[in-house]
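# Breakdown of the fold
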Amino acid sequence: MTTMPRPIPLARHYHETRREFLATCGTQITPWYRLTSDERSVAVAEATIILEAVRRANEEHAALLPVITDQPAADPPPVVQV
């Protein structure tokens, strides 16, 4: 089981990581500590969406794991020359 972060710390780290990445591409965005309350609310909402997506992926993985581990790997499809 994965320990999931809380939405606000995830939002802050995601925003700062994104800001650093965009800076390497030449785009500057506002640092976390300078965001307005509305901008922070949007960032936290995005983090909540990310957490939900990860939760769903973990749930799907847990459901599929018995099927994946119990069956041998399928043969790859044949390569067809055109």
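Everything discussed here concerns the structure shown above.
Residues numbered from 1 in each chain as written. Predicted model: local features only at pLDDT ≥ 70, side-chain atom pairs only at ≥ 80, totals over all residues. Heavy atoms only, no water.

## A closer look at the overall build of the chain
Counting secondary structure elements, the chain contains two helices and zero strands. In the chain, buried positions account for 13% of the 82 residues. Accessible area for the chain stands at about 7,000 Å²; split by element, carbon and sulfur atoms hold 60% of it. (Helix = DSSP H or I, 4+ residues; strand = E, 2+ residues; numbered from the N terminus. Buried < 20%, exposed > 50% of the residue type's maximum accessible area, 1.4 Å probe, protein only. Areas by Shrake-Rupley, 256 points an atom, 1.4 Å probe, with all protein chains shown as cover.)

## Considerations on the nonpolar core
One finds Leu10, Ala11, Trp32, Leu35, Ala43, Ala47 and Leu51 forming the largest nonpolar core, which totals seven residues. Those elements that place two or more of their residues in this core are helix 1 (7-24) and helix 2 (37-70). Once you skip the residues sitting within four places of it in the chain, alanine 47 turns out to touch Pro7, Leu10 and Ala11. (Core = buried A, V, L, I, M, F, W, Y, C linked by side-chain atoms within 4.5 Å. Contact = heavy atoms within 4.5 Å.)

## Section: a nonpolar patch on the surface
On the surface, a nonpolar cluster with roughly 300 Å² of combined accessible area is contributed by Met4, Tyr14, Ile50 and Val54. On the secondary structure map, tyrosine 14 appears in helix 1. What makes tyrosine 14 partly exposed here is its relative accessible area of 39%. (Patch = residues over 30% accessible without salt bridge, like charges linked within 9 Å, V, L, I, M, F, W, Y side chains within 5 Å. Salt bridge = Lys/Arg side-chain N within 4 Å of Asp/Glu carboxyl O.)

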